[in-house]
Every structure is written in C-alpha cells, then in structure tokens.
Amino acid sequence: MKNFNAIEKKLSKLIKFSPFLHSKIKLLYQMISFLFNKQKGFQIQLHEKSRLIDFNLNSTFFGYYDHTPISADMKHFLCHNIIDNSIFLGLYDFSKNKLIMKKKILSSIYYNLQQGVRPIWINNNEFIFNFVNLNDNQLISSLYNINDDSFKNLDIPVQEISAKNNIIISIDYSNLDLINKDYGYGMNNDISQKEINGIIGYNYINNKQVFELTSKDIHAMSKNRSLPLIECEINHVHHSPYNNSFVFIYRNKGSNGYSELYYYDYNVNNLKVLYSGSLMSHYCWINENIIFAYIEFKGKVGFFEIDYNDSISITQNILPNIKDNLSDGHPSVSPDNKWITYDTYPDKSRMSHLYIIRNDLENSPQKILLGKFYSPLKFNGYNRCDLHPRWSPDGNYISIDSAHEGKRKTYLIDVSKII
C-alpha cells in the first residue's frame, strides 16, 4: 500500500488556511503521485474467500457508513440513483442477492454525495429521509411506511435517530452548507430550514421536542472558544446503541482550530468533551463505554480507543502496530460485535483498501484484507466515492459504494466464509 507519508500529510495541513488553494494543490499532487504509481488495468482485487455481488444498477450509492441500506429482516434495500444532476431514492425488494424495484420514494436535486438524503431504517417497515418541501422551500424530513405507503412529514431534517426512544436528532444544515458543503444540501437564499441553534431531539411519535443542546453551550466548553462560533461545525452525530446518549464532532477547520468529540447524555443533561486535538475523524462504538476512533494523540495518528467510563483514557490496543494503522477510514462493528470493518482513502495508486479485524481489546488481532478497489481521479474532493463499509443486519455481508468500474455503484461483499 503506497500511502502518503507523514511529511506529505503535514504539508497538506499547512496549506489548509486556504481551502481553495488546498484543494487545487492536493488534486495536483494526487495526479502526479498517480502518474508514478498507477497500476495499468487494475480495477479490483478480492479476498479469495469473499464474493462481490453486483446488482448491475448504474450510478447508484447508499451513502454514509453509520447506517445500513438493508432492513433488519433482510427483505428491503435502499439506495440513491443518480440521473444527471438529480437523484431518486429507490426502495427495492431484496431477495437471493438481487434487487427488484418496489417504489421510487423521492426525486430531488437537493442532496450530497456523502449521505444522499440521509435515509435511515427505523424498523422493518419504516425509514426516514430528508427532502426539500417545494410548497414552502423548507428542508424537512419524512417518515415512510412500507405497509400502507404513507408519508409523515416532520418540520426538521434528520441527522440521526434513536429508534428505541422514537427520537430524531437534528442540526443546522445551512451551517454545513457554508462550512462543509460535503454534508450540506446545496441550500441557497430560496431554500431554508427551521432555525436550530445547536442540536435538538424531537419525539416523532408525540411530535414534541425532548431536548436542546445549544451551540453556545457547546462552544463554551471547546478549545475553539477563542474562534468565532459561526466558523465552527457540528457534524457526525451518532446515537449510542447502548443508552440514552450520543456523540458528535465539533471542529474548526482552520489551521489553528481544534477537532473535538463531544458526548451528551440527554436524560441527565450531561455534556462533556471526550477528545480535543488536531484531528478527530471517523469513529464507532465497540462497547458501551469505548469508542474506536481515528485521531491524533501524543504525536501519533491512527485508530485509538477512547474509554470514557469513569474518567477519559485513550489507548491503542486493537491496532497497536504503526504499519497496520496509518490510514484514516470509516469503521463499523458487526451485529454480533465480534468484528470491525473499515476502509481507507485512495493511496498513491488510487487504491482504496477494505479490511476487517477482530474487535478484541485483550489480544492484538491481525488485519484481514478484504479487497482493493481502484478509484479514478475524477472521484476526488466533493465528488469522491468512499467505500463507506456497512454490515448487513445478519452479519454475512458488507455493503460498499465503489467507483472501480468508472461509475459510482453500490455492491455487497459476501464475507460469511471468512467470519
């Protein structure tokens, strides 16, 4: 794996003071690196015990890594279909590793390539997604029920859910459109959303707000508090699968800003900072009190475990070897909690790698390389196509999005013979 080294990464960070300059220089450097490292004709390499399932759907993707496109009963599948500059969200019957179109749920020009319209399964028969209501040009969310083909519109967009508590968690997407458009909806002067000052929780059954965590309270605890609040980003809200809490990233992407991970228990209104440093990237829970996250800690960059049980401690037991722990990626835990899968960003050969490792804090598990996937240079920056690996509810498959065929497509990888 021909990774970008520590010096290259530091130089990239130094020019982040100018986002425009940073993106142009980064792309140029990637082009030069690829010229010297490309492997002609390479598209994909898979583990001998795995199997790639191609649905033969052109220009499709699901989106982010923290939710699965497959319903818990393994009967339905969600994905976005790209047509010119718009998408439609398709609901498919999923049977015998084939997809059969059931319904086109939504057609929209308001989406992003990281999360689409943020579809999330609530139960076997319901899912939620974001859309712009053209009657009043508001970004909102809607609950769709498969059984009776009904929609229930809510006046706030969804960022995350707690299905157990009937809560959707919402943030200010207009702020993301200004600071980090990769996760925005292309909102402009004509499109807006209900004003949200921070993060709110809303019970979608009782139609009642259940908590509000203000930007002011978040900023007051942050090392970014000397910087303008309006330049700080709230993103990547993940609800705990274990209790009534969630974590989220709060960061200023300037050269002197901090990247932080916050924890909030909304039952007792307990807010605390779990990590503050130069890098806080993707993460997932590996048990009730430990988060597996890609961060910078004591001069080292890689995946660490953040334990916040009684006090906050950071260890590196799952991937202790530096050579095995260099690349940022998107981690998620299998339904039986025994495995972690994660991907990497494209290396100098424009190859993204996909791994699984045992979720084991006591023994150092060896990484298993599931596959290598070519990512053409046109898929960079906002248009990038991350693998975003996600486990199927039965644990036998890993869902990915990949551009190795020269177009964005969604696939399954059968890993049942490996795990």
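Look up: the structure comes first, before these words.
Just so it is clear, the model here is predicted, and its values are computed rather than measured.

Caption draft 1: How the structure looks around the packing of aromatic side chains. Applying the stated rule across the entire model yields 26 aromatic pairs. Summarising the aromatic geometry, the rings of Phe-297 and Phe-304 are spaced 5.7 Å apart at their centres and angled 75 degrees between planes, so their arrangement reads as edge-to-face. Taking the relative accessible area as the measure of exposure, Phe-297 reaches 23% and is therefore partly exposed. Here a set of aromatic residues connected by ring pairs shows up, and it is made of Phe-211, Phe-246, Phe-248, Tyr-250, Tyr-262, Tyr-264 and Tyr-266.

Caption draft 2: Quick look at the pairing of strand β5 (residues 86-95). Here β5 lies mainly inside the structure; eight of its ten residues are buried. In this structure, strand β4 (residues 76-83) lies alongside β5, joined through eight bridges in antiparallel fashion. Within β5, the residue paired with Asn-81 across the bridge is Phe-88. What sits between the antiparallel neighbours β4 and β5 is a turn of two residues, in which Asp-84 has the positive phi angle 55 degrees. Sheet topology note: the β5/strand β6 (residues 98-108) ladder contains nine bridges and is antiparallel. Of the residues in β6, the one forming a bridge with Phe-94 is Leu-99. Hairpin connection of β5 to β6: two residues between the antiparallel strands, including Lys-96 at a positive phi of 55 degrees.

Caption draft 3: Structural detail: the sheet that holds strand β25 (residues 351-358). With antiparallel pairing, the five strands of this open sheet are ordered in space as β1-β26-β25-β24-β23. Looking along the sheet, the strands with just one partner apiece sit at the ends: β1 (44-46) and β23 (332-333). Bridging between β23 and strand β24 (residues 339-343) involves two bridges; their strand directions are antiparallel. Bridging across to β24, Val-333 finds its partner in Ile-340.

Caption draft 4: Up close: the pattern of salt bridges. Under the defined criterion, the tally for this structure stands at ten salt bridges. Ionic pairing is found between Asp-182 and Arg-384, a salt bridge with its closest N-O pair at 2.7 Å. A residue pair is termed long-range when its members are at least 10 positions apart, and Asp-182 in the loop between α3 (173-179) and β13 (198-203) and Arg-384 in the loop between β26 (368-374) and β27 (390-391) qualify at 202 residues. Taking the relative accessible area as the measure of exposure, Asp-182 reaches 14% and is therefore buried. Note on Arg-384: relative accessible area 17%, which makes it buried. We note a salt bridge from Glu-233 to Arg-251, for which the minimum N-O separation is 3.3 Å. One end of the pair, Glu-233, is in strand β15 (residues 233-239); the other, Arg-251, is in strand β16 (residues 245-251), and 18 residues separate them in sequence. Residues Glu-233 and Arg-251 agree in their burial class; the two are buried. Three or more residues joined by partner-sharing salt bridges are found here, namely Asp-54, Glu-405 and Lys-409.

Calculation criteria
- Position numbers for residues start from 1 in each chain and track the written sequence from start to end.
- Thresholds applied to this predicted model are a pLDDT of at least 70 for local features of residues and 80 or more for the giving and counting of side-chain atom pairs; totals over whole chains, interfaces and linings are not thresholded and use all residues.
- With hydrogens and water stripped out, all remaining heavy atoms of the structure feed into the side-chain values.
- Ring pairs are drawn from Phe, Tyr and Trp, using the six-membered ring of Trp, whenever the two centres fall within 6.5 Å, and their geometry is named by plane angle: stacked under 30 degrees, edge-to-face over 60, tilted for the rest.
- Three exposure classes are used, based on accessible area relative to the maximum for each residue type with a 1.4 Å probe and protein chains only: buried under 20%, partly exposed in between, and exposed over 50%.
- A run of DSSP states H or I qualifies as a helix once it reaches four residues; a run of E qualifies as a strand once it reaches two. Both are numbered from the N-terminal end.
- In this analysis, strands are considered paired if DSSP registers two or more bridges between them.
- Note on definitions: salt bridges are taken to be side-chain nitrogens of Lys or Arg within 4 Å of carboxyl oxygens of Asp or Glu.

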